[in-house]
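Architecture at a glance
Now for the letters of each chain:
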Amino acid sequence: MVQKYQSPVRVYKYPFEMVMAAYEKRFPTCPLIPVFLGSEVLSDVTSDDGSVHIIERSCKLSVDAPRLLKKIAGVEYVYFIQKNTLNWRDRTLLIEAHNETFANRVIVLETCSYSVHPDNEDWTCFEQSASLDIKSFFGFENTVEKIAMKQYTANIKRGKEVIEYYLNELMQEGITEIPRWVPPKDKRPLNSDPSAPIPSTFRSTTSPSSSSSSLTRPKPAGSPLHLDLSSPGNSSRDVTSFSAGSSEPSTPDADKLDADYIERYLGQLTPMQESCLIQLRAWLQETHKGKSETGEWKAEKIPKDEHILRFLRARDFHLEKARDMLCHSLSWRKQFQVDYILETWAPPDCLVEYYAGGWHHHDREGRPLYILRLGQMDTKGLVKALGEEALLRHVLSINEEGQKRCEENTKIFGRPISSWTCLVDLEGLNMRHLWRPGVKALLRIIEVVEANYPETLGRLLIVRAPRVFPVLWTLVSPFINDNTRQKFLVYSGNNYQGPGGLADYIDPEIIPDFLGGDCLCHVPEGGQVPKSYYQTEEDLDNPDHIRLWADTIYQSAQVFKGAPHEIMIEIVEGSSVITWDFDILKGDVVFNIFHSKRTPQPVKREASGLAPVVNNVQLIDRSWVLGVDYSMVESPLTCHEGESIQGSHITRWPGIYILQWKATGHTPTSGPSLSRVDDVLASLQGSTPRCKVMFYTEVLASHDFRGSMSSLESCHSRFSQLSAGTTSSSQSQGSSLISR
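The notes below deal with the structure included here. Note that this is a predicted model, so its numbers are computed, not measured.

Side note on the overall build of the chain
On a plain count of helices and strands, the chain comes out with 17 helices and 30 strands. Out of the 740 residues belonging to the chain, those deemed buried represent 50%. Within the chain, contacts between residues at least 6 apart in sequence are counted, and of these 75% link residues at least 24 apart. For the chain, the exposed area adds up to about 36000 Å²; of that, 51% sits on carbon and sulfur atoms.

Here it is in structure tokens:
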């Protein structure tokens, strides 16, 4: 595999001629670069007018490799051929280098360029790219690749330090300005020194010995040069006119990244991390091109640099993996118009009132702070009132808002901020939050967020975690990325108030009042969602946006007198567990579970004309006989309007199981006496359903069921309590709980 490197644009805030003088001081040897042992000039050609100078050198480098590898390879040093083309007229220097040693086994190519900054002619830009292709190397290809990349990246930023060191040395020697090249017959610029020679090569202004005299430790990369030019021996020219620049880093080209910009807005990156960012960004710019109305190629909008960087971090800067992940996310964003969600999404009133989450200032590091009072939320009520689609869109809008706030805080605090902190209060968390459909909806949301908003969570502070929290964590943690899990901090009881608690991460003056702080928090308090808000999937259908999920956890059915609604569940292995959770939105029903020896043929009819759609399916054929063709495996359970029922059934035999909801007041004892859809459709025209049910079912393996909290028995309960009333059948080995 070919390893590639592409540097950002590094800016020297000095004129091109000064940078060239500093660069030439590196030859023939440079003590500041230990691996560079020396160089020999192979050819030196200058154009007649002195505007172009081409010099070719053989450079000798040491290799920091295991002695055994050196012995096998039979070399102590490697040689590179370097060709420098200096154009004084255009003020550019092109450096091309390739390896001479092992050229038939390893191909190393490097290209560097110095040029004038397009926005400031007194600044100089530097770019660098390289590739490494190891064809064969005595079976040590991977080892050689790692050694080569390690040495190369270690010397990348060192090169900038060396240039800055020699610039400093030049000015200490009193050289603060070098006139620009002018054609021999032209007049000199008015601001040039009449006594200064026209530079055709650097040999007239520097010498090899100057690079080794009075050497001191170079300043770190990026540090400003502070010079006192008023002291004796220094020129009186004010160098700050070209050494000091704008406080805000600028990018030389809209398609390129400046190193100062990366450090200011994206943070400290290693050379290879910078290279991955630049390569992925360049790939996006190339692939996101389309023709405009005029037929010209026009680049589409690509993600912001900090967003691209998040995907690279999520894949440990593995370029191919990050690119695949980002491409899937971009397709997802385009398909579902996520880029416009902040403009198009308006949370329903129910969500505004009962979703206990919101933004609240920032943490000590400047990250936006989001507070979620999960323990006070009626997760079940929110899912049934809004559906997973609305909850997902709300979560996506929170993530989009979080990214926006990160950009704002980056400008406010003057340092890169690419993630936010989430404070989760679990006071009030109990078994009702472990309701399986709710956990399933949560896992689906986590999956979407992990895939499309990686590395956006800087820290998760969980406070007042109750005893039931480890159970929830066991269910959720496998779906959370390893890097994300490491950002979790959990406090039980009041531990968050002591040393190492919230005050270490959040300023005391903004700790919310409900956690003992003095800051008034405007996050909604949550509470029980009234069942009057509950809606079916037909009610939740919104033509204004594309559905993010094609399916929903809950389905709804209409039950008419004489026309029960039935669903079929096929069990492959005995001892599997059928689980259910349903709400009676209208009317009273009787719930039954049957085991069938025959495979039913679903019969579904829809009302015609102006009648509403009838979502009603029947499976038990009129010719079937109860006790012969099918048998009842659960005692009938009468359910009343407004009740919620959760339950489970451990199957004894494989085969077909049928769950049935039937309107009360009708006696179903045998197949022939049971009215069919065909018989009652005529009476349905213009009628309304007698009963309406919202339901969820799932089949679990027995060991999975017993090891999860979904094995909770069903009950009649309100929002915060469970009643003791249960109904079970020894025959069915199942149980049902009813909640009112």
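Past the structure itself, the notes keep going.
Some thoughts on the packing of helix H3 (residues 141-172) against helix H6 (residues 271-287)
With their axes 9 Å apart at the nearest point, H3 and H6 run at an angle of 90 degrees to one another. The orientation of H3 relative to H6 falls into the category roughly perpendicular. In this structure, H3 uses Met 149, Thr 153, Ile 156 and Lys 157 to contact H6, whose residues at the interface are Pro 271, Met 272 and Glu 274. The residue makeup of the contact of H3 with H6, split by class, is four nonpolar, one polar and two charged.

Topic: the pairing of strand E6 (residues 92-99)
Going residue by residue along E6, you find Leu 93, Ile 95, Ala 97 and Asn 99 tucked away on one face and Thr 92, Leu 94, Glu 96 and His 98 left uncovered on the opposite face. Two successive antiparallel strands, strand E5 (residues 77-87) and E6, enclose a turn made up of four residues, where Arg 91 displays a positive phi of approximately 55 degrees. A loop of six residues connects E6 with strand E7 (residues 106-117), the two strands running antiparallel in sequence, and Phe 102 in this loop sits at a positive phi of about 55 degrees.

Section: the pattern of salt bridges
This structure, assessed with the given rule, holds 30 salt bridges. A salt bridge links Arg 485 to Asp 482; its shortest N-O distance comes to 2.3 Å. With Arg 485 and Asp 482 both in helix H14 (residues 482-485), this residue pair falls three residues apart, about one helical turn. Under the relative-accessibility criterion, Arg 485 is labelled partly exposed at 29%. The exposure class assigned to Asp 482 is partly exposed, which follows from its relative accessible area of 49%. When salt bridges that share partners are traced, they join Asp 363, Glu 365, Arg 367 and Arg 459 into one network.

Each value, and the rule that gives it
Residues numbered from 1 in each chain as written. Predicted model: local features only at pLDDT ≥ 70, side-chain atom pairs only at ≥ 80, totals over all residues. Heavy atoms only, no water. Helix = DSSP H or I, 4+ residues; strand = E, 2+ residues; numbered from the N terminus. Buried < 20%, exposed > 50% of the residue type's maximum accessible area, 1.4 Å probe, protein only. Contact = heavy atoms within 4.5 Å. Areas by Shrake-Rupley, 256 points an atom, 1.4 Å probe, with all protein chains shown as cover. Axes fitted to C-alpha atoms, helices over the stretch in contact; angles between N-to-C directions. Parallel < 35°, antiparallel > 145°, perpendicular 65-115°, else oblique. Nonpolar A, V, L, I, M, F, W, Y, C, P; charged D, E, K, R; others polar. Pairing = 2+ DSSP bridges. Salt bridge = Lys/Arg side-chain N within 4 Å of Asp/Glu carboxyl O.

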